[in-house]
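Summary of structural features
These are the residues of each chain, in order.
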Amino acid sequence: MTEEIIIAGFGGQGVLSMGKILAYSGIMQDEEVSWMPSYGPEMRGGTANVTVILSDERISSPYLKMYDTAIILNQQSMDKFEETVKPGGTLLYDPNGISQHPTRTDIKIYQIEGAKLAAEMGNKKIFNMVVLGAFLKIKPIVKLENVIEGLKKSLSERYHYLIPLNKEAIIEGMGNVSPYTIEEQALPN
Amino acid sequence: MNVSEIIKPENQVFCKTKLMTDATLSYCPGCGHGTAHNLTMEVIDEMGIVADTIGVAPVGCSVLAYDFMNIDMTQAAHGRAPAVATAISRLWPNKYVFTYQGDGDLAAIGTAETIHACNRGENIVVIFVNNGIYGMTGGQMAPTTLSGMPTSTSPYGRDVKTMGSPIKMTELVANLPGVYFATRHAVHTHKHARKAKKAIQKAFENTRLKKGVSFVEIVSNCNSGWKMTPLESNQWMVDNMFPYYPLGDIKVDGVLK
Amino acid sequence: MSELKLMKGNEALAEAAIRAGVDAYFGYPITPQSEVIEHLMAERPEERTGMIVLQAESEIAAINMVYGAASTGKKVMTSSSSPGISLKLEGISYLAGAELPAVIVNVVRGGPGLGTIQPSQADYFQSVKGGGHGDYKLYVLAPASVQEMSDFVEDAFDIAFKYRAPVLILSDGLIGQMMEKVYLKDQQERISDEEVIKKYGGWAVTGKTDRKRNIITSLDLQSEKMEARVHRLLKKYAQMEKEDLRFEKISCDDAEYLFVAYGSSARIAQKAVELARKKGIKAGLLRPITLFPFPKQQLFELADQVKGILSVELNAGQMVEDVRLSVEHKVAVEHFGRTGGIIHTPEEVLEALEEKIIHNERIGDYKTRESSIL
């Protein structure tokens, strides 16, 4: 199994940490992992993205042109990364703030109302965990228990009290992901 | 009376400084470097600290200081001696680490290293020989060259309007809290040399007590670079250098004078 | 192999330095390698092992602190990124001339000038062709993974002390910034001052006891002595070529086409090999792990087997010159690379192989063709 993922959105949305937790979860079940961020002055407020690869074999390139899955959290990232999904691959996105919805018909597209659900749960910071939950529902490449183990590893101990909330957010995401069809977009609001 | 009867310790009136090698000094006759070397080596010998002393040689006339000082020495790139000494002192906190630098090395190309080593209060001794000229490279203008003084790169005299004023490094670093002792001396007479030696001794004592930077400036002559006889250069130094670079303590035991 | 972690390359290198019992690190912040000193400072190495970590006033001061510490036989290192390494080159030349062991890390970014903070391999020439003034070389290790960022710290010090010579770890922004699994080695004890004096008392300046004084210098005003010094260095470099060359061959056994790539480019080229093989193109990869010494003989031999070679580098064509020298015109060698901080994708690399080697009618025509990159 090899899963090549791009996660892209605004800096501050937890893009990089979502990738990190995913990578840690992979380690917990003995996968090879790589996490390659965009870095530099764009890290705050601008766009941020991270390439995460999980594989049961040695990972060659940590930097890719095409991905099995794109997790897209803002319009700029949609513009840039929709076309980078491999045919037959997966695009997961949060429709919040998206004006130009995806149009490809050769990939599977899913929506998760991450921002909305996180707000309803009373903590906008768990947004990325809701999205992660949605992804894991579509592609259960890591087990939930390993995500929790990964969280323990990637969070410093003084934040471990937040783990139950994160778990809740992941479960919330798992329960609320929905397939998106291009026809829906054609309907008037 | 034969020779062996004469050569007895009680008859000895002078001897070569023990920690100086037998190599012939490469300095011009009349230059102050030889005396400054001697005084430094005498202090280290008398304090009995040679096994714990590491010297850092500069680039400039005294680049070959390690040929004459019979101690462990490392030779730094131009101006970098305080950085080199910083690392040695940090890694060997019980050693006596000193730099021996000229004015071009310490006050021009190495200004940043000088200021920051002083500011960090590294536990080192800096011996700064200021003769107002680049001797090694043939008499070019130094940061400490006096106003109006001709050199090969200021042949019509240093014009402070375009070339800046001579920099008083010792006063400058004395203002930094990391500097515990800052003093200025000369070595052209026995009297001056004795005072300079006392200052060097105090500087190494400060290292023993881990007090931070001890900065000993020695105003010296450069008869070749100044194009004078040794005697004329000493007199010129007294008449011109001393008024601008007054001798004496600037900071003692962490207190500005 | 003790502890498994997910770490950035830069952090893994810093952690490995503490664990390898390094005595001191001197550095100055510059993107994309500041995590090295940040990690070191956060880890309180002075409490963990007694390691000294100091943020210097400049890269120049830092490399001269390295010179000072190395003069005394201590294990010392610095790191920087391209513009900072340019500043350090004077000191690196002095380290080579004075025959001092030290480790320098360059997490390369794009240049020239202030350039970009994004990954690049444009410092190849600077790293393997001297860089600073004078007749010297650096032993150059090129890590291609976070694990190697960690492992090469100790390897670099082994070589530095074996030869009393500075060693360069040539990384880049990609390897420095990415996170991967890394197995961290157990903590080694730093060697004591007494052991340093015992082991290196023959040359290190630690205070003159009843032995002859030790002097560290790179200056020989007598030309004959200076030439003897240069010859001494050349002997070391010859021995490095004989004993300490490192490389990795990937899918080379039946390869008809060969990529040559190091560091991050090697990772990307490896993926290009996978893509090529899926298309039925028998591609292989030779990854130099040391850039000096360079796997000249291995390339010379592979040149009899393959139909063409593509040197893949994140630069305008630097290592390709050494590849051409190695194969002695037995087979065509072309270059492919992106510059300015852009990272080539595996797909681009494969396309380049097809265009520049497999379907190139003017292959090997170096003289009349325009620059290979434009």
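Calculation criteria
Residues numbered from 1 in each chain as written. Chains lettered and ligands numbered in written order. Predicted model: local features only at pLDDT ≥ 70, side-chain atom pairs only at ≥ 80, totals over all residues. Helix = DSSP H or I, 4+ residues; strand = E, 2+ residues; numbered from the N terminus. Rg over C-alpha atoms; globule rule 2.2 N^0.38 Å. Buried ≥ 20, exposed ≤ 12 C-beta atoms within 10 Å, placed from the backbone. Contact = placed C-beta atoms within 7 Å. Pairing = 2+ DSSP bridges. Axes fitted to C-alpha atoms, helices over the stretch in contact; angles between N-to-C directions. Nonpolar A, V, L, I, M, F, W, Y, C, P; charged D, E, K, R; others polar. Parallel < 35°, antiparallel > 145°, perpendicular 65-115°, else oblique. Left-handed = near helix turned anticlockwise from the far one by under 90°. Core = buried A, V, L, I, M, F, W, Y, C linked by C-beta atoms within 7 Å. Domains from an automatic or database assignment. pLDDT = per-residue confidence, 0-100. Right-handed = clockwise from strand over helix to strand, strands pointing away.

Describing the overall build of chain C
Along the backbone of chain C there are 14 helices and 15 strands. Against the compact-globule benchmark of 21 Å for 374 residues, chain C has a radius of gyration of 21 Å, which places it among compact chains. Taken over the C-alpha atoms alone, chain C extends approximately 70 × 50 × 40 Å along its principal axes. With 374 residues in all, chain C has 59% of them scored as buried. When contacts within chain C are restricted to residue pairs at least 6 apart in sequence, long-range pairs at least 24 apart make up 79% of them.

Quick notes on the sheet that holds strand β11 (residues 257-260) of chain C
All names here are of chain C. Spatially, β10-β12-β11-β14-β15 is the arrangement adopted by the five strands of the open sheet, whose pairing is mixed. Each end of this open sheet is capped by a strand with a single partner; those strands are β10 (247-250) and β15 (333-336). Sheet twist, expressed as the average angle between the axes of neighbouring strands with direction ignored, equals 20°. Here β11 pairs with strand β14 (residues 308-312) via four bridges, running parallel. Paired with L258 across the two strands is I309, which belongs to β14. Along the sheet, helix α11 (residues 263-278) contacts β10, β11, β12 (283-288) and β14; its crossing angle with β12, the most-contacted strand, is approximately 165°.

Considering the arrangement of the chains
Inter-chain contacts occur across two pairs of chains; the most extensive set of contacts lies between chains B and C. Spatially, chain A and chain B are disjoint, and the shortest separation between their C-alpha atoms is 29 Å.

Structural notes on the interface of chain C and chain B
Contacts between chain C and chain B engage 33 residues on the former and 29 residues on the latter. Broken down by secondary-structure element, the contributors of at least two residues to the side of chain C that touches chain B are β2 (24-27), β3 (52-55), α4 (59-71), α5 (82-97) and β9 (215-216) of chain C. For the side of chain C that touches chain B, the element with the highest residue contribution is α4(C), accounting for eight residues. Classifying every residue of the side of chain C that touches chain B gives 15 nonpolar, 11 polar and seven charged. Relative to β9(C), strand β2 (residues 72-75) of chain B is paired through two bridges, and the arrangement is parallel.

Side note on the interface of chain A and chain C
Contacts between the two partners involve 18 residues from chain A, matched on the other side by 21 residues from chain C. For the side of chain A that touches chain C, the secondary structure elements donating two or more residues are α1 (15-28) and β2 (32-37) of chain A. If you tally residues by element for the side of chain A that touches chain C, the top one is β2(A), at six residues. Of the residues belonging to the side of chain A that touches chain C, the class tally is 11 nonpolar, four polar and three charged. Summarising the sheet, β2(A) and strand β8 (residues 179-184) of chain C pair through two bridges and their orientation is antiparallel. Following the sheet pairing, W35(A) is matched in β8(C) by M179(C).

A word on the packing of helix α1 (residues 9-19) of chain C against helix α7 (residues 146-163) of chain C
Residues and elements named next belong to chain C. Interaxial distance between α1 and α7 falls to 8 Å at its minimum, and their mutual angle equals 25°. Relative to α7, α1 is oriented roughly parallel. Of the two possible hands of crossing, α1 and α7 adopt the one that is right-handed. Within the contact between the two elements, α1 uses G9, A12, L13, E15, A16 and A17 and α7 uses V146, M149, S150, V153 and E154. Here the contact of α1 with α7 is built from residues that sort into seven nonpolar, two polar and two charged.

A closer look at the sheet that holds strand β9 (residues 248-252) of chain B
Taking strand neighbours across the sheet as the criterion, the nine strands line up as β10(B)-β9(B)-β7(B)-β8(B)-β4(B)-β3(B)-β1(B)-β2(B)-β9(C) in an open arrangement whose pairing is mixed. At either margin of the open sheet sits one strand with a lone partner, and together these are β10 (255-256) of chain B together with β9 of chain C. Bridge count for strand β1 (residues 53-57) of chain B against β2(B) is four bridges, and the pairing is parallel. Residue pairing in the sheet places A57(B) in a bridge with Q75(B) of β2(B). Relative to the sheet, helix α4 (residues 81-91) of chain B contacts β1, β2, β3 (96-102) and β4 (125-130) of chain B, its axis offset from that of β3(B) by approximately 175°. Lying on the sheet, helix α9 (residues 190-208) of chain B is in contact with β3, β4, β7 (179-186) and β8 (213-219) of chain B; it crosses β7(B) at an angle near 165°.

Notes on the nonpolar core
Counting residues in each nonpolar core, the largest one holds 243 residues, and the members touching the most others are I127(B), M65(C), V103(C) and F259(C). No fewer than three residues from each of domain 1 (3-193) and domain 2 (248-358) of chain C sit in this core. Excluding residues within four positions of it along the chain, F259(C) makes contact with A269(C), A272(C), V273(C), A283(C), L285(C), L310(C) and V312(C). Membership of the second largest hydrophobic core comes to nine residues, among which are Y27(B), Y134(B), M141(B) and C222(B).

What to know about unusual backbone geometry
Note that the residue after G111(C), namely P112(C), is joined by a cis bond; omega there is 10°. Here P112(C) shows up in the loop between β5 (102-108) and α6 (124-128). Cis geometry is adopted by the peptide bond preceding P293(C), which originates at F292(C) and carries an omega value of 0°. Looking at the secondary structure, you find P293(C) in the loop between β13 (290-292) and α12 (296-302). Residue D30(A) is not a glycine yet carries a positive backbone phi of 70°.

Considerations on the domain arrangement of chain C
All names here are of chain C. Domain boundaries assigned for chain C yield domain 1 (3-193) and domain 2 (248-358). The C-alpha centroid of domain 2 is placed 27 Å from the C-alpha centroid of domain 1. Of the residues lining the interface, 25 residues belong to domain 1; the matching set on domain 2 comes to 21 residues. Put simply, the parts of the chain that give the side of domain 1 that touches domain 2 at least two residues each are α6, β6 (139-141), β7 (166-172) and α8 (173-177). Take the side of domain 1 that touches domain 2: its biggest share by element is four residues, from α6. Broken down by class, the residue content of the side of domain 1 that touches domain 2 amounts to 15 nonpolar, seven polar and three charged.

Regarding the confidence of the model for chain C
With 98% of its residues at a pLDDT of 70 or more, chain C has an overall mean of 96. Among the scores for the predicted complex, ipTM is 0.94 and pTM is 0.94.

Quick notes on the pairing of β7(C)
Residue and element names in this part refer to chain C. Of all seven residues making up β7, seven are buried, and the element is well covered by its neighbours. Of the two faces of β7, the one lined by P166, L168, L170 and D172 and the one lined by V167, I169 and S171 are each fully buried. Note: β5 against β7, seven bridges, orientation parallel. Residue pairing for β7: V107 is matched across the bridge by S171. Taking the sense of rotation as the criterion, the β-α-β connection linking β6, α7 and β7 turns out right-handed.

Description of the environment of S150(C)
Residues and elements named next belong to chain C. Within the secondary structure layout, S150 lies in helix α7. Its 27 C-beta neighbours within 10 Å are what place S150 among the buried residues. The spatial distance from the C-alpha of S150 to the C-alpha of L114 is 28 Å, given a sequence separation of 36 residues. With residues up to four places along the chain from it excluded, the contact list for S150 reads A12, L13, E15, A16, V182 and L184.

With respect to helix α2 (residues 35-42) of chain C
Taken as a whole, α2(C) has its buried residues at E35(C), V36(C), I37(C), H39(C) and L40(C). Residue R44(C) follows α2(C) closely and has a positive phi angle near 45°.

Some thoughts on the environment of A117(B)
Residues and elements named next belong to chain B. Here A117 is to be found in helix α6 (residues 111-120). Spatially, the C-alpha atom of A117 lies 8.7 Å from that of A85, the residues being 32 residues apart in sequence. If sequence neighbours within four positions are ignored, A117 has contacts with P82, A83, A85, T86, E122, I124 and V213.

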